Amino acid sequence: MTPATVIVGASVGGVRTAQALRSAGYEGEITLVGGEDVLPYDRPPLSKGLLAGTATAESVTLLTEEDARDLGVRLVLGRAARRLDTGGGFVELEDGERLRYDDVVIATGSRAQPSPWGDPPGVHYVRTLDDATALRKELRRGGPLVIIGAGFIGAEVAATARQLGVAEVTLVDSAPVPMSRAIDPATAARLGEMHRQHGVAARFGIQIAAIEQVTGGLAVRLADGAVLLAATVVVGIGAIPNDEWLASSGLATGGGLRCDERCRAYGAPRVHGVGDIARWHHAGHGTLVRAEHWTNAVEQAAYVAADISHPGEQGPYQPVEYVWTDQYETKIQITGQTGAGLSQVTVERPESPRSFAVLYAARTGKLAGAVTVSWPQAAIAARRAITAGRPMEEVHAVITSPRRARQATA
Amino acid sequence: MPIVRADLSLCQGYANCVAAADDTFDIDDDGLVALLRANFPESDRARIETAARACPVSALSVGDE
């Protein structure tokens, strides 16, 4: 029988897996299943270009019907998977159709963490194309806009709203700085200033007490008693992996699908995890990790596709983390480890006052991570240095040298 | 022979291509992609296609000439 791969989840992880399988020479059947009744689309523009109107539903499409035909991929859209039977080797869709597989790729992603303060009309999330389209309509009416959560999504929505001319934008977060999960406090505080400089009222380090419906809109009540009146509220407080449908499969789930260092589900080596859903053993970190970032989904898709088409030929999947965010005219790139317990140095970019890099070193002196602000050359130098295990001091010297000999890090 | 093309009007310097294939892509002084080579051997096709698909703004395309 022709081998068959079923890919469950048609966002970037699922689409890239299908494409990478064909690139790797896989000749079996490929079925790509998406729960939404819309062509697969890319999510990073949802909080930026799509809100701003510079991107459209068409421009964010990842795979057209024609692309799927050319690749020899059966596209099943608008019917979510409801059950995985690893013993029987099939995926069951919500209408009962069963898709037989030899390999199955779990790429069902994550969904927005719901608002614990309720979500009356006027409260928005930014997770799906429909979400972004609906929010764009509201933003075009003006404001005021209150954004709860100053992570990547919240910070990007704030920047886009200001760019669209929304006059009153307030960004609220219980942490004292924005992007606190990804960036150390001092650097994050510096980036928080960027919002204030662009006319956003930043209310960091304060809890939300309630979201209430009032005449003419919404009221966001803060723990200190302040009340923010809003026409629109955006809640961007994280994501939850969509792993509930795997509950009856017997696989280890909870906070994502548990996978080994090759992204194969524990106990079911022909079940592979890709993207936000995968909690895999990162051999380099020695622990289970889950990444909610575009680049990881794409790299993991390529890895898993190679593992399906040429099993056992690759070492463990242990990527160097990479995520970016675009806010105002600033590009922030984060790579590797940037958390607590590392020594760090801030490097101002020569002759470029708004650009800088923060380099993080492990105890060994090796570069562990970097945050760069509008300095792509430093970002890629850092990424390569982390991969190669080079010392922080060397990267520091390279990125600030007048000739900036990139070859030195090659 | 396979060829890779870069659309500099789309490139934003994310550098995923460099991370995936630094024998073919680099970032120049303007922070944009620089092709170290345009043509590449057939044996590199899968790897260069992977690098192109890692571009967040689809600035890279692989074709034949």
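Shown above is the structure to which this text applies.
Residues numbered from 1 in each chain as written. Chains lettered and ligands numbered in written order. Predicted model: local features only at pLDDT ≥ 70, side-chain atom pairs only at ≥ 80, totals over all residues.

S.K.: Whenever I open this one, the interface of chain A and chain B confuses me. Can you help?
M.R.: Accessible area lost on assembly of the parts is the figure often given for the size of an interface. In this complex, chain A contributes 20 residues to the contact, which on the side of chain B involves 17 residues. At the level of secondary structure, the elements contributing two or more residues to the side of chain A that touches chain B comprise α1 (12-23), α7 (294-309) and α8 (376-388) of chain A. The element that contributes the greatest number of residues to the side of chain A that touches chain B is α8 of chain A, accounting for 6 residues. Considered class by class, the residues forming the side of chain A that touches chain B number 11 nonpolar, 4 polar and 5 charged. (Contact = placed C-beta atoms within 7 Å. Helix = DSSP H or I, 4+ residues; strand = E, 2+ residues; numbered from the N terminus. Nonpolar A, V, L, I, M, F, W, Y, C, P; charged D, E, K, R; others polar.)

S.K.: Any chance you could explain helix α4 (residues 129-140) of chain A here in plain terms?
M.R.: Side chains three or four residues apart in an α-helix point the same way, a direct result of the helix having 3.6 residues per turn. Residues and elements named next belong to chain A. Under the 1.5 Å per step criterion, the end-to-end length of α4 is 17 Å for 12 residues, consistent within 8% with the ideal 16 Å. Those residues of α4 that fall on the buried side of the exposure criterion are A132, L135 and L139. Considered in projection along α4, the buried side chains sweep an arc of 65° and stay on one side of the axis. Of the residues in α4, the exposed ones pointing more than 90 degrees away from the buried face are K137 and R140. Structurally, α4 contributes buried residues whose contacts are with α2 (49-52), β9 (123-124), β10 (145-148), α5 (152-163) and β16 (232-235). (Expected span 1.5 Å × (residues − 1). Buried ≥ 20, exposed ≤ 12 C-beta atoms within 10 Å, placed from the backbone. Arc of directions from axis to C-beta.)

S.K.: In this structure, what is going on with the environment of V169 of chain A? I would like to understand it.
M.R.: All names here are of chain A. Inspection of the secondary structure assignment puts V169 in strand β11 (residues 169-173). Residues V169 and R384 lie 215 residues apart in sequence; the distance between their C-alpha atoms is 38 Å. When near neighbours in sequence (up to four residues on either side) are disregarded, V169 contacts G143, L145, A158, A161, R162, V200 and A201.

S.K.: What should I look at first to understand unusual backbone geometry in this one?
M.R.: Excluding glycine, most residues fall at negative phi; most peptide bonds, likewise, are trans. Residues and elements named next belong to chain A. The step from G143 to P144 runs through a cis peptide bond, and the omega angle for that step is -10°. Structurally, P144 can be placed in the loop between α4 and β10. Despite not being glycine, M179 shows a phi value in the positive range, around 50°. If you trace the backbone, M179 turns up in the loop between β11 and α6 (185-197). Despite not being glycine, Y328 shows a phi value in the positive range, around 55°. If you trace the backbone, Y328 turns up in the loop between β23 (322-327) and β24 (330-336).

S.K.: Could you clarify how one ought to interpret the environment of P45 of chain A in this entry?
M.R.: All names here are of chain A. Topologically, P45 is positioned in the loop between β2 (29-34) and α2. With 21 C-beta atoms counted inside 10 Å, the residue P45 sits in the buried group. In this structure, the C-alpha to C-alpha distance between P45 and M179, residues 134 residues apart in sequence, is 18 Å. Residue contacts for P45: discarding those within four places in its chain leaves L50, A55 and V60.

S.K.: It is not clear to me how the packing of α1 of chain A against α7 of chain A should be interpreted in this structure. Could you clarify?
M.R.: The angle between the axes and the distance between the axes are what describe a pair of packed helices. Residue and element names in this part refer to chain A. At a minimum axis distance of 8 Å, the contact between α1 and α7 shows a crossing angle of 35°. The crossing of α1 and α7 is right-handed. Residues V12, G13, R16, T17, A20 and L21 of α1 pack against W294, A297, V298, Q300, A301, A302, V304, A305, I308 and S309 of α7. Grouping the constituent residues of the contact of α1 with α7 by class yields 11 nonpolar, 4 polar and 1 charged. (Axes fitted to C-alpha atoms, helices over the stretch in contact; angles between N-to-C directions. Left-handed = near helix turned anticlockwise from the far one by under 90°.)

S.K.: Just to check I follow, could you spell out the packing of α8 of chain A against helix α9 (residues 392-400) of chain A for this structure?
M.R.: All names here are of chain A. Across the interface, α8 lies against α9 with an axial gap of 10 Å and an inter-helix angle of 150°. When the interaxial angle is binned, α8 and α9 end up roughly antiparallel. Note that α8 runs across α9; the crossing there is right-handed. Taking contact as the criterion, the partners of Q377, A378, A381, A382 and A385 in α8 are, on α9, V395, V398 and I399. The residue makeup of the contact of α8 with α9, split by class, is 7 nonpolar, 1 polar and no charged. (Parallel < 35°, antiparallel > 145°, perpendicular 65-115°, else oblique.)

S.K.: Help me understand the sheet that holds strand β5 (residues 90-93) of chain A in this model?
M.R.: Residue and element names in this part refer to chain A. With antiparallel pairing, the 3 strands of this open sheet are ordered in space as β4-β5-β6. The sheet is open, and its two edges are formed by β4 (81-85) and β6 (98-100), each paired on a single side. Taken pair by pair, the neighbouring strands of this sheet meet at an average axis angle of 20°, ignoring direction. Examined bridge by bridge, β4 and β5 share 4 bridges and lie antiparallel to one another. Counterpart to D85 in the pairing with β5 is F90. (Pairing = 2+ DSSP bridges.)

S.K.: Where do I start with the sheet that holds strand β15 (residues 227-230) of chain A in this structure?
M.R.: Note: strands within a sheet are paired through backbone hydrogen bonds, in either parallel or antiparallel orientation. All names here are of chain A. Strand order in the open sheet formed by 3 strands is β13-β14-β15, and the pairing between neighbours is antiparallel. Two strands bound the open sheet, and with one partner strand each, they are β13 (208-214) and β15. On average, each strand axis in the sheet is tilted by 20° relative to the strand beside it, whichever way the strands run. The pairing of β13 with strand β14 (residues 217-222) spans 6 bridges and is classified as antiparallel. Across the sheet, Q213 pairs through a bridge with L218, a residue of β14.

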